Each structure stands twice: as structure tokens, then as C-alpha cells.
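# Fold and geometry: a report
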Amino acid sequence: MILNIIASWIISPLFGGLVGYLYYYYISKYILNAETYEKSFWKYSINSGITISFLTSTILTSNRDKLGISRNTCYMSLLIIGIITALVVHLFVNPYFRRRDKIVLENEDVEVNGDGSSNILKQIEEKYKYLMVISAVFVAFAHGSNDVANAVGPLSAIVEFAHSGTVTANSNIPVYIIFCGGIGIDIGLALLGYKVMETIGEKITKLTFTRGYAAQFGAALTVMLATALSLPISTTSVLVGSVAGTGMVKDKDGSGGVDRSILYKIVGGWVLTIIVGFSVSLVLYVILKEILV
């Protein structure tokens, strides 16, 4: 099991990078570089359906035992919710974007299929900020399902052992422990999270709405797969890999690219934290054992 966990630390950022790369490659080639402005709308509807269906289905899948629904029902819900979302976006949301973009393009005196492709591209990018917010919710859900669980897992085991003298694999975690984990992650985000957000959001590669959406979706999908396999991984490391993956895709205007020096520092930090965490835990264990035993 230890070897599986260590392997997941290496594989998960690489897999997240692969998903981010492939998804943004699709967006860059078939949406941002669409033959016509109109084609970007129905493809946006499809992406909306994919995003909402995956977010909903992961919530249903993780709680299907409590809800009393089968795995097949969860898979069917993915398809149904995706289709409904795509239709709703195409019939009701896209007309709004079409009217808004037409006003902007007319005010800038740009023809839809003319030389003003950069302005049109800006309008296409603008739509994806909404999907970027939704994919951020997806990442937050994945983060809570894995990283927070990693943090409160040892505490839960200690509490169970203190009460029963044993630790079981399927024990119920007290609500107050989960609450402590949630409060802890909120405080950490408020006090120091801006440093990590600055590094991931600005220093690895130049993120746009579409790149950010593809990176977050790829990271969340990877973390949820790891959670389903009961593998404890870091959402941050997966997101770094996914952001780097989107940065490796060069757009038609030449934008893209990854700052490798930042990546090297990040990977070095991962290795260092493992060594320091192991060393500090070992030293504290030896000291406390001598004092308490």
C-alpha cells in the first residue's frame, strides 16, 4: 500500500498534466480556432454539459450508499444531466452571449468573420470565466474529498483508538473532526493561501479563462479518480501538473509556454516536504515515546 501511495504522488501530477494538456488542446484547436464564430456556441454548450454532469455525478457517486442508488443510476445521471445542461445552455444562455457579443463587436466596428479575430477571441474567452468558476467548485469538492480527509484521518484514528482501543478501516468519523478539518483549511486559505494561488495562477504559465478552466477540470477529475481508488494525493500537486499541461499547448497567436525554473522549485519543494515531514515525525515520536512510555 505504501508503494501505491508513493507511486500515486508521482503519477497523479503527470496524469493531471496529461488531462489538462489534452482538454486545452481540444479547446484551443476546435473552439478558440473555430472556423466560424457561431460554431463556438454549441461547443460551449457541450463543455457546459460535461462540466456540470461530472460535478453532479461525482457528488452522487460519493454518496450513493447514503442515497440508496446504484452505480448504474449514477452513470445514467451523468448522461442525462449532461444532455439537459447542454440543451439549457444552448437554448437560453447562448442567445444572451450572442446578443452581448454582437453589441460589443458592433461598437468596436469588427466583423465576425473579418480581421477582428482577436476581438472575437476575447469574447469567446469571456464566456469561459463562468465555466472556470464552476470548475473551481469542482476542484474544491475534490480537495475536500481527498486532502482534508488526509489531514483529519490520523486524528480520527487517534480518537477512535482512545475510545475503543482499536482502529477499524470503516469507522465513522465524528462530525466535529470533519468540521475541524474544514475550519483549518479555511483559515489556511485566508492567511497563507494567496502565496500558493499566486504561484499556480501567475508564475507557471499565463492563464486565460479557457486555460484555467481546462486546468481545474483536469485536476478535479484526477483527484476524484484517486479518491475513488482510496489513494491519498495532493490536489495542489495535481493542479500544478494540470496548469503546466495547459501551458504546453501553443495557441495560434503563439501564447503559452511554461516557466521551467518555477516547476523545478515546486518539485524540489515537494521532495523537501516529504523528507522534512518524515524526519520531524520520527524525532517527535522518539521523544514522546521516551517521555510518555
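Residues numbered from 1 in each chain as written. Predicted model: local features only at pLDDT ≥ 70, side-chain atom pairs only at ≥ 80, totals over all residues. Heavy atoms only, no water.

### Section: the side chain of Thr85
Assignment of secondary structure puts Thr85 in helix α4 (residues 71–107). A polar side-chain atom of Thr85 sits 2.7 Å from the main-chain carbonyl oxygen of Ile81. When sequence neighbours within four positions are dropped, the list of residues in contact with Thr85 reads Ser48, Gly49 and Ile52. (Helix = DSSP H or I, 4+ residues; strand = E, 2+ residues; numbered from the N terminus. Polar contact = N/O pair within 3.5 Å; in protein donor to acceptor, adjacent residues only side chain to side chain. Contact = heavy atoms within 4.5 Å.)

### Overview of helix α6 (residues 175–203)
Bending of α6 peaks at approximately 70° at the position of Leu192. Taken together, the buried positions of α6 are occupied by Ile177, Gly181, Gly193 and Ile200. (Bend = angle between axes of the 7 residues up to and from the residue. Buried < 20%, exposed > 50% of the residue type's maximum accessible area, 1.4 Å probe, protein only.)

### What to know about the packing of aromatic side chains
Enumeration over the complete set of coordinates arrives at 13 aromatic pairs. Centre to centre, the rings of Tyr23 and Tyr213 are 5.5 Å apart; their planes meet at 55°, and the pair counts as tilted. Here Tyr213 lies in helix α7 (residues 209–228) and Tyr23 lies in helix α1 (residues 2–32), a separation of 190 residues in the sequence. Neither Tyr23 nor Tyr213 differs from the other in exposure class; each is buried. When the centroid spacing of 5.7 Å and the interplanar angle of 90° are considered together, the rings of Tyr44 and Phe97 count as edge-to-face. Pair noted here: Tyr44 is in helix α2 (residues 39–62) and Phe97 is in helix α4, with a separation of 53 residues, a long-range link. Look at Tyr44 and you get buried, because its relative accessible area is 3%. On the basis of relative accessibility, which here comes to 2%, the residue Phe97 falls in the buried class. In textbook terms, an aromatic cluster arises when at least three aromatic residues are bridged by ring pairs, as seen for Tyr23, Tyr26, Tyr30, Tyr44, Phe54, Tyr96, Phe97, Tyr128, Tyr130, Phe138, Tyr213 and Phe217. (Phe/Tyr/Trp six-rings, centres within 6.5 Å; stacked < 30°, edge-to-face > 60°.)

### Considerations on the confidence of the model for the chain
Scored by pLDDT, the chain has a mean of 81; 89% of the residues are at 70 or more. Taken together, the stretch residues 108–117 has pLDDT below 50 and engages in eleven contacts with residues farther than four places along the chain or on a different chain. (pLDDT = per-residue confidence, 0-100.)

### Overview of the environment of Leu263
Mapped onto the elements of the fold, Leu263 is located in helix α9 (residues 260–292). Note: C-alpha distance between Leu263 and Gly241 (22 residues apart in sequence) is 9.0 Å. Those residues within four positions of Leu263 in sequence are excluded, and the remaining contacts are Ile204, Val240, Ala244 and Val258.

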